[in-house]
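Observations on the model geometry
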Amino acid sequence: MTRSDSVAGGSAFLGEVAQRSLSRRSLLRWVALTGAGAVLAPAVTACVGPSAPGPGVTGTSTLTLGLNRSLVSLDNKLNQFDAAVTVQRAVRQALTEIGDDLKPRNVLAESFELTSPTQWTVKLRNDIKYSDGTKVAVEDVSKALEMYSQVNGSFLAPQFPEWPVVTKKDELTFTLDTKAPLPVLNTLMSNILITPAAANKPEELQEGVGTGPYRVASADRGTGTYKLVVNENYWGEKPNISEVNVRFMSEESSRVVALRSGEVDVIDSITPDSVAQLKSVEGIKIESVTGTRYNQLFYNFRKPADSPMSDPKVREALSYGFDSKSIVDGILGGTVTSAKGVVPQTLAGAVETGDYKYDPAKAKSMLADLGVSNLSLKVIWETGEFAGDVSIMEALVEMMKAIGVTAELKQFEPGGDISSWRQGKAGDWDILGNGYGNQTGLALTNLQGMYAGTAAKEATRDTYHGFVFPEISSRIITATSETDTAKSTQLLTDVQKDIWAKWPCMWAFIPNAVLARRTRVEGIKLRPINSYQLSTVKVNG
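Numbers given to residues run from 1 along each chain, matching the order in which its sequence is written. For a predicted model such as this one, the threshold for reporting local features is a pLDDT of at least 70, and the threshold for listing and counting side-chain atom pairs is 80 or more; totals across whole chains, interfaces and linings nevertheless cover every residue. Only hydrogens and water are set aside when side-chain values are computed; all heavy atoms of the structure are taken into account.

**Examining the sheet that holds strand β7 (residues 165-168)**
Note on sheets: strands pair through backbone hydrogen bonds, and any given pair is parallel or antiparallel. In space, the 4 strands of this open sheet follow the order β5-β6-β8-β7, with antiparallel pairing throughout. The open sheet has two edge strands, β5 (109-116) and β7, and neither has a second partner. Mean inter-strand twist for the sheet, computed between neighbouring axes without regard to direction, equals 25 degrees. Note on contacts: a residue pair is in contact if any heavy atoms of the two residues lie within 4.5 Å. The convention used is that axes are lines fitted to C-alpha atoms, helices contributing only their stretch in contact, and that angles between N-to-C directions extend from 0 to 180 degrees. What counts as a helix is a DSSP run of H or I of at least four residues, what counts as a strand is a run of E of at least two, and both are numbered from the N terminus. The strands touched by helix α3 (residues 138-150) are β6 (119-124), β7 and β8 (173-177); relative to β7, the strand with the most contacts, the crossing angle is about 165 degrees. Two strands are said to pair when DSSP picks up at least two bridges between them.

**Focus on the packing of aromatic side chains**
Between rings of Phe, Tyr and Trp, where Trp is taken as its six-membered ring, a pair exists when centres lie within 6.5 Å; planes separated by under 30 degrees are stacked, by over 60 edge-to-face, and by other angles tilted. One pass over the structure, following the stated rule, counts 18 aromatic pairs. Ring centres of Phe 386 and Phe 509 lie 5.4 Å apart, and the angle between their planes is 75 degrees; this geometry places the pair in the edge-to-face category. Placement of Phe 386 in the loop between β16 (376-382) and α10 (389-402) and of Phe 509 in strand β19 (residues 505-518) is noted, with a sequence separation of 123 residues between them. Consider the rings of Trp 507 and Phe 509, whose centres lie 4.6 Å apart with planes at 20 degrees: the pair is stacked. For the exposure calls, accessible area comes from a 1.4 Å probe over protein chains only, and a residue counts as buried if that area is under 20% of its type's maximum, exposed if over 50%, partly exposed in between. Assessed through its relative accessible area of 2%, Phe 509 is described here as buried. A network of ring pairs unites the aromatic residues Phe 298, Phe 301, Tyr 436, Tyr 451, Tyr 464, Phe 467 and Phe 469 as a single cluster. Above the plane of the ring of Tyr 148 lies Lys 77, whose end atom (NZ or CZ) is 5.3 Å from the centre. Either the NZ atom of lysine or the CZ atom of arginine qualifies as a charge over a ring when it sits within 6 Å of the ring centre and within 35 degrees of the ring normal.

**Some remarks on the nonpolar core**
Among the nonpolar cores identified, the biggest contains 101 residues, and Leu 95, Leu 176, Met 189, Tyr 294, Leu 318, Tyr 451 and Met 506 are the most heavily contacted of them. No other element matches α10, which puts 8 residues into this core. For Leu 95, the contacting residues outside a window of four places in its chain are Asn 106, Val 107, Leu 108, Ala 109, Phe 112, Val 122, Leu 124, Val 141, Phe 174, Met 189 and Ile 192. Residues grouped as a nonpolar core are buried Ala, Val, Leu, Ile, Met, Phe, Trp, Tyr and Cys residues, joined through side-chain atoms within 4.5 Å. Grouped together as the second largest cluster of nonpolar side chains are 28 residues, Leu 67, Val 246, Tyr 532 and Val 539 included.

**Notes on the environment of Thr 121**
By the element assignment, Thr 121 lies in strand β6. In the structure, Thr 121 is positioned 54 residues away from Thr 175 in sequence and 4.4 Å away in space, judged by C-alpha atoms. Other than its neighbours up to four places away in sequence, Thr 121 contacts Ser 111, Phe 112, Glu 113, Thr 115, Thr 173, Phe 174 and Thr 175. Whenever two N or O atoms come within 3.5 Å, that pair is a polar contact, provided that in protein one can donate a hydrogen and the other can accept it, and provided that, for residues adjacent in sequence, both atoms are side-chain atoms. Side chain to side chain, Thr 121 and Thr 115 meet in a polar contact 2.9 Å long.

**Here's the deal with the side chain of Ser 319**
Secondary-structure assignment places Ser 319 in helix α7 (residues 312-320). A relative accessible area of 2% places Ser 319 in the buried class. If near-sequence neighbours (up to four positions away) are discounted, Ser 319 is found in contact with Tyr 299, Lys 357, Trp 503, Cys 505 and Met 506.

**A word on the environment of Leu 228**
Position of Leu 228 relative to the elements: it lies in strand β10 (residues 225-230). Placed 15 residues apart in sequence, Leu 228 and Pro 213 show a C-alpha to C-alpha distance of 9.5 Å. With residues near it in sequence (within four places) discarded, Leu 228 still touches Leu 74, Val 87, Val 91, Tyr 214, Arg 215, Val 216, Ala 217, Ser 242, Glu 243 and Val 244.

**Concerning the confidence of the model for the chain**
Taken over all residues, the pLDDT of the chain has a mean of 87, while the share at 70 or more is 89%. The pLDDT score gives, residue by residue, the confidence of the prediction method on a 0 to 100 scale. Low pLDDT, under 50, characterises residues 1-57; the stretch is placed with 104 contacts to residues that sit more than four places away or in other chains.

**Describing the side chain of Ser 324**
You can see Ser 324 is positioned in helix α8 (residues 324-331). Setting aside chain neighbours within four positions, we find Ser 324 in contact with Ser 338, Tyr 356 and Trp 507.

**Focus on α8**
When you tally the buried positions in α8, you get 7 out of 8 residues, the bulk of the element. Where α8 terminates, the next one or two residues include Gly 333, which has phi positive at roughly 60 degrees.

**Here we look at the pattern of salt bridges**
The salt bridge criterion pairs a side-chain nitrogen of Lys or Arg with a carboxyl oxygen of Asp or Glu, the two atoms within 4 Å. Tallied over the entire structure, the rule returns 24 salt bridges. Lys 168 serves as the salt-bridge partner of Glu 139, at 2.8 Å between the closest nitrogen and oxygen. On the criterion of sequence distance, the pair formed by Glu 139 in helix α3 and Lys 168 in strand β7 is long-range, its members being 29 residues apart. Classification of Lys 168 as partly exposed rests on a relative accessible area of 34%. Among the charged side chains, a network of salt bridges with common partners joins Glu 97, Asp 100, Arg 105, Lys 525 and Arg 527.

**As for the pairing of strand β17 (residues 406-412)**
The element β17 is extensively covered by neighbouring structure, given that 5 of its 7 residues are classed as buried. As paired elements, β16 and β17 share 7 bridges and run parallel to each other. Within β17, the position partnered with Lys 378 by the bridge is Glu 408. Clockwise travel from the first strand over the helix to the second, with the strands pointing away from the viewer, marks a crossover as right-handed. Chirality of the crossover, the property in question, places the unit of β16, α10 and β17 among those that are right-handed.

Spelled out as structure tokens, the structure:
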């Protein structure tokens, strides 16, 4: 079911959610008025249940995960939100993966070597079978690339400057050839999940045949509920847990209560408020690591030329009206870092380009000088896009009001039609609360996926919210194919500074990857990409 709500001025937003965030807005307003910028004490947002394990505890053979986003598929051609990666790759695998050190390592590939500037030679492992007992073939890799390239509106496809051509050498060996050098191809291929060629389609697959440690026993994409059992044909070490249940639980308070009662074993993407509640609860442990996700209040770059929002100076002025420090300290409890560039600083190749500064007087002065008055903004986002999303948006309304700008909020529930809005097909908007997960550890991936839009990609709405600047796209593509490290570094530095000058975001931040688990669950090593190896997890009695 799809539902959206729209309220101007934030005066009566979403019933209980509005009530929940009202006190926080008042605090934020106080901070803004006094200029104190103080750290605000976390507010309790959830009515929590008993801490003793309840009837949901199911022994040592079953693990239950409570996700904040609906897992609509175990494929990733269209979507790849962070927590889904853990489950998707427990079923389907790629030639490579990104390890704890954010560097690629082989999975289905026994070897993956650069054999010329435009050619990689890959050899498949000889001991891999799918869960249905069939062997992985070179043709499956070729078909996977073809299907990922054909899907419309893909999150991953824009990260490839070109699609490599597969040439089979023998039953296990093939080459990946490109027109221009692509020295990061082994990293990019970590996102291409391999499926039997005959079953692959240019869409997110609903069948779950893969090479991972688990196979799908039952699935309901409507509710986001999945049951995984051990893949008896798995080529690696047998997983410790025989059954994994995946549940979609949109309300954070429900996930917290379920964890405390033992109804679920692990919950993800929790707010500082919930961390504060849970970290002192016996039997529960918090896992946190600096993340690679880039969350933003991204401007719409599909505006007509005569729109004030097409002027980078207007976008810059609005950013001065946003008090990011109050958001970081007051709503997010210091668990995020305000961005200093156009990609997370945790990524290889990232450079600092500037800071988001709060100066409402300057914001009003700039807007007046630019002749902008009575500006109205429509702000859209999907529930759960990032922790504290509703509170942040409510605060945005108040901050814009303080500089003479009206902001209207429009929220979408998960599984709704926000994808059409993002692509500019369903309606107009000015700011999108969005996030860009990075599964490669490379700044190049964000730059290619977010800022290398072209007119051809925009024709199919496959750009990042209409961000199309040919001179920037050209330089990103040049940097992607540059094999000289010094030259590549200089290209990346220059282009990131030029992107910053376009003011693509009102504000951007990098959250920590955070999850909470019952202490009976062991073996979770949370990676910066907000994922972990499900096969190494154990459940004690």
